[in-house]
Every structure is written in C-alpha cells, then in structure tokens.
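So the chains spell out like this:
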Amino acid sequence: MLSRLLFYLLLAGYLWGSGIGVALAAPPEPALPVFLNLGELPVFSVSGQDPPRVTADAAVLMDATTGQVLYAKNAHQPRPPASTTKILTALLAIEGGKLDQVVTVSPGAAAVGESSMHLFPGQHLTLEQLLYGALLRSGNDACVAIAEHIAGSEANFVLLMNQKARQLGARDSHFCNPHGLPARGHLSSAYDLALLTRYALKNPTFKSLVSTRYHGFSTPPWGEYHLHNTNRLLWSYQGADGVKTGTTSEAGMCLVASASREGRQLISVVLHSDDRYGDTMALLDYGFSSFKNMTVVKAGQVCGHVPVTDGVVSEVPLVSNRNMVVTVPVHRPPGVEKRFDVPAVLTAPLPKDLPAGSMEVWVEGEPVARSRLLTGRSVEKLPAYKLWWQKLCAMSPDARAQVGFLP
C-alpha cells in the first residue's frame, strides 16, 4: 500500500512538473554536478596510446569516480539494451521499496517468458529475493513482479523508469518494459547505460547485488533457488565487481561491466558485440593501464582570494566545497587547467562558507569537474567611525574641504 501511495505521488509530480517526482531518491551528487566528456574524438589523442579495437557496434569506457569518458564508439546511438535494462529496474526497486517486503507473484508476472526465474502465480518472495533473481538469473518474471509491487502495474513502473532516466541525464533512452525483451521504441545507448550504472553503483545494496557470484534460498512449498550470476567476468577478471549481461536476437550480446583496482573503478559498456567478454577486458585493461586519477584540489583548500570592502580585512580566501578529482593519461603530462568564475569584490559583513563563485577543471580542453567556491572565513564589518574615516581619507582635497575637513 505504501509503495503504491509513493508511486502516485511521484506520478503526480511527473505529470504536473511539480518536482515531487524527482525520483525515488535524490541522487547523491555534488551541488554542482560533474561535467562529462561527451566527445567522440579519437581516444588516442587523449591517452597518448592507441585505443583497443572492439567488435561491439557501440561501446563506452567511463571512470566511475569522475564520470569522464575514456573511450567512445557510437556512444550516443540508441540501441536495444536487452537485459541491461534490469540495471534501472533494480535501482528503482531498491530506492522505492524495502528488501524484506513480501511480494505476491501475479499470474501476469509468472507468465513472462524467455529468461526466467520460474516463478508461480501466488508465490511469495521478498523483494530482495526477486532482485537476486532479476540481476543474477536475469529473470524477466522477477522484473514484472518487482514492477507491479513498486508501482501497482508494469505500465506505471515504466513511467518511473523513463522519469528516472531523464533525471539522470540519459537522453538517448526510452524504456517500454522493466526487463528488456524486444519492444518497439525500447532503446538506450552505451553512454546512457554507463551513466545509469555509475549512479546505481553508489548505492551499497545495488553494488553488493551485482557483485554476487551465487545466491541460494528456499521458498517453501515452492522449492529452492540456486542463482548463479550470468556475468562470467566475476570469475575471470581481476577486480570485476558487476554489473549485468544482456542478450536478444535484436540487441546481440551486450555487457555492462565494472571493475575496481587500486582505488579506481571503471565502467565498461559493449552493445551488439561478437565477443562481449573479450571486448570488455580489452577496454578495462586500457582504462587501468593508460589513465590515472589525480586530485587537483581538496575540499577546504584555498583556491584564491577576493577583495573585501568595508571589512576588518582587505580580502577573503575562497575554498573548494569538495574534492576535485580528474582522470588523466599516464603516458604524457596531462593538460589540466583551472578556470575561475568569482566576483570582482565582496562587501562585508560576510559569513563563513558563503557561496562566492565556482571553479572548473579542464582536461585536454574539455570541462571535466566543477565545484563551488566558499568564503574560507567570516569577515566583520568595520565600525561606523572607521568607515567614515576611511571614506573621508579617500576623498579628494576639494571634496574634503566641502564637508568642512581641513587638509
């Protein structure tokens, strides 16, 4: 009942543009979001190394921390995403439901074909069990059961899917169902899938689910489930920790993958690939060997000073509101540039942490990250008599004479 009430509140915001339906949960993004490199320039011009050759019709390699695109091939080309659709389905379920909620499987959900968890009408499972079935076993029936539980119907859930995709900036995507079976107009892109995955991996529950190799449970009297993850990289690639396979005749072999090494996490997407695991490993190897992450500015670090009028001090330091991390090539000096947008002068009194401009970091001529600049200290206003004296001293001799001040 609570889930349906939440859906209708969200749907009202979606239809009326009131802002209620921003999503099932607000994204944990910085106040000013990270800029993304959307260019389709040859990757060797960025890394200094020849990029890998992949068989996939479309592919993207993204750094999960910075959001920078390190490799792109037809990155914004809308294509059938197959079961990689379930990334968004699982995300909405985690944000909109509770893992221990009991879900009753409807006849419609149990009847969904193709890849299946083999559910039965009237069967009772927890939302968590269905999520394992959707993400590990790639159960289409589990996805419909999840959708009906969260939004009351599959059609309502699809509205939420498209709303969430738009909110996160996935502009190449339009979803028609929660599982990814072929449907006219059901499309996404390599870039959008990387973008959605980057957001989803910030959720600890999602991150844990997609990195699970095996999960078993029983649902008496319906029997036992032994779910093995369809993502073979979890067994074969060092640091692999997700995410989702997808295969249909129309979409071909697809894989959204992630891997973490030495504090870095990369996201790879390959769509309609002749060798999805080979393509993915080549992209991840390229990302780990050819790039590194560099902290340009730390949160609270002084980035500059701005003059202050009427204050007890003549200037105030400006500090970054967050860490500024960028991805740069390792085989040659990175072209990193800071650009500031700050006021020419501030007037006292000033509180500490007052927003006072912004700073952008550019890498290889592309805007990559942006932070707010805050005042690093408070500045009190000068007493009235000191302000009077200060203004008087700034006057010309003639002006001082007119107000009765003798030179």
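Residues numbered from 1 in each chain as written. Predicted model: local features only at pLDDT ≥ 70, side-chain atom pairs only at ≥ 80, totals over all residues. Heavy atoms only, no water.

### Observations regarding the packing of aromatic side chains
Item 1. Going through the model one piece at a time under the given rule, you end up with 3 aromatic pairs.
Item 2. Between phenylalanine 120 and tryptophan 222, the aromatic rings sit 5.6 Å apart at their centres with planes inclined by 20°, giving stacked as the arrangement. You can see phenylalanine 120 sitting in the loop between helix 4 (107-110) and strand 4 (124-126) and its partner tryptophan 222 sitting in the loop between strand 5 (214-218) and strand 6 (224-228), a full 102 residues away along the chain.
Item 3. Taken together, a centroid distance of 5.2 Å and an interplanar angle of 25° make the contact between phenylalanine 217 and tyrosine 225 stacked.
Item 4. Overall, phenylalanine 217 belongs to the buried group, its relative accessible area being 11%.
Item 5. For tyrosine 225, a relative accessible area of 7% translates into the label buried.
Item 6. Its guanidinium or amino end placed over the ring of tryptophan 362, arginine 339 lies 3.6 Å from that ring's centre, counting from NZ or CZ. (Phe/Tyr/Trp six-rings, centres within 6.5 Å; stacked < 30°, edge-to-face > 60°. Helix = DSSP H or I, 4+ residues; strand = E, 2+ residues; numbered from the N terminus. Buried < 20%, exposed > 50% of the residue type's maximum accessible area, 1.4 Å probe, protein only. Lys NZ or Arg CZ within 6 Å of the ring centre and 35° of its normal.)

### Looking at the confidence of the model for the chain
In low-pLDDT segments, the atomic positions of the prediction should not be examined closely.
Item 1. Residues at a pLDDT of 70 or more form 83% of the chain, whose mean pLDDT is 87.
Item 2. Within the model, the stretch residues 399-407 combines pLDDT values under 50 with 8 contacts to residues more than four positions away or in other chains. (pLDDT = per-residue confidence, 0-100. Contact = heavy atoms within 4.5 Å.)

### Quick word on the pairing of strand 9 (residues 264-273)
Item 1. With respect to burial, strand 9 is a largely interior element, 9 of its 10 residues being buried.
Item 2. Direction of pairing for strand 1 (residues 58-63) relative to strand 9: antiparallel, over a ladder of 6 bridges. Within strand 9, the position partnered with alanine 59 by the bridge is valine 270. (Pairing = 2+ DSSP bridges.)

### Structural notes on the pattern of salt bridges
Item 1. Across all of its chains, the model carries 5 salt bridges by this definition.
Item 2. Measuring nitrogen to oxygen at the nearest pair gives 3.4 Å for the salt bridge that ties arginine 79 to aspartate 57. With arginine 79 in the loop between strand 2 (69-73) and helix 3 (86-96) and aspartate 57 in the loop between helix 2 (44-47) and strand 1, the pair connects residues that are 22 residues apart, well separated along the chain.
Item 3. The class for arginine 79 is buried, based on a relative accessible area of 14%.
Item 4. Assessed through its relative accessible area of 30%, aspartate 57 is described here as partly exposed.
Item 5. The partner of glutamate 95 in a salt bridge is lysine 164, with the nearest N and O atoms 3.0 Å apart. Here glutamate 95 is found in helix 3, whereas its partner lysine 164 is found in helix 7 (residues 154-167), with 69 residues between them in sequence.
Item 6. Its relative accessible area of 16% is what places glutamate 95 among the buried residues.
Item 7. What makes lysine 164 buried here is its relative accessible area of 1%. (Salt bridge = Lys/Arg side-chain N within 4 Å of Asp/Glu carboxyl O.)

### Quick notes on unusual backbone geometry
Item 1. The omega angle of the peptide bond from proline 220 to proline 221 is 0°, so this bond is cis rather than trans.
Item 2. Topologically, proline 221 is positioned in the loop between strand 5 and strand 6.
Item 3. Omega for the peptide link from glycine 242 to valine 243 comes to 15°, which places this bond in the cis form.
Item 4. Inspection of the secondary structure assignment puts valine 243 in strand 7 (residues 240-248).
Item 5. For aspartate 353, which is not glycine, the phi torsion reads 65° and is therefore positive.

### A word on the pairing of strand 7
Item 1. Across the 9 residues that make up strand 7, a large majority, 8, are buried.
Item 2. Direction of pairing for strand 7 relative to strand 8 (residues 252-261): antiparallel, over a ladder of 8 bridges. The residue bridging threonine 245 from the neighbouring strand is leucine 255, located in strand 8.
Item 3. Counted along the chain from strand 7 to the antiparallel partner strand 8, the turn is 3 residues long.

### Brief notes about the nonpolar core
Item 1. Ranked by size, the top nonpolar core spans 69 residues in total, and within it Met117, Leu119, Leu130, Leu131, Ile146 and Phe206 carry the most contacts.
Item 2. Excluding its chain neighbours within four sequence positions, the residues that come into contact with leucine 131 are Ala90, Ala93, Ile94, Leu99, Ile146 and Leu209.
Item 3. Judged by nonpolar contacts, the second largest core, of 21 residues, contains Ala259, Val270, Tyr286 and Phe291. (Core = buried A, V, L, I, M, F, W, Y, C linked by side-chain atoms within 4.5 Å.)

### Description of the packing of helix 3 against helix 8 (residues 190-200)
Item 1. One way to put it is that helix 3 packs onto helix 8 with a least axis distance of 10 Å and a crossing angle of 30°. Put simply, helix 3 runs roughly parallel to helix 8. Note on packing geometry: the crossing formed by helix 3 with helix 8 is left-handed. Side by side, helix 3 and helix 8 meet where Ile87, Leu91 and Glu95 of the first sit next to Thr197, Tyr199 and Ala200 of the second.
Item 2. The residue inventory of the contact of helix 3 with helix 8, partitioned by class, reads 4 nonpolar, 1 polar and 1 charged. (Axes fitted to C-alpha atoms, helices over the stretch in contact; angles between N-to-C directions. Parallel < 35°, antiparallel > 145°, perpendicular 65-115°, else oblique. Left-handed = near helix turned anticlockwise from the far one by under 90°. Nonpolar A, V, L, I, M, F, W, Y, C, P; charged D, E, K, R; others polar.)

### Structural notes on the sheet that holds strand 2
Item 1. Pairing within the open sheet is antiparallel, and its 5 strands lie in the order 2-1-9-8-7. The outermost strands of the open sheet, each flanked by one partner alone, are strand 2 and strand 7. With strand direction ignored, the average angle separating the axes of adjacent strands in the sheet is 5°.

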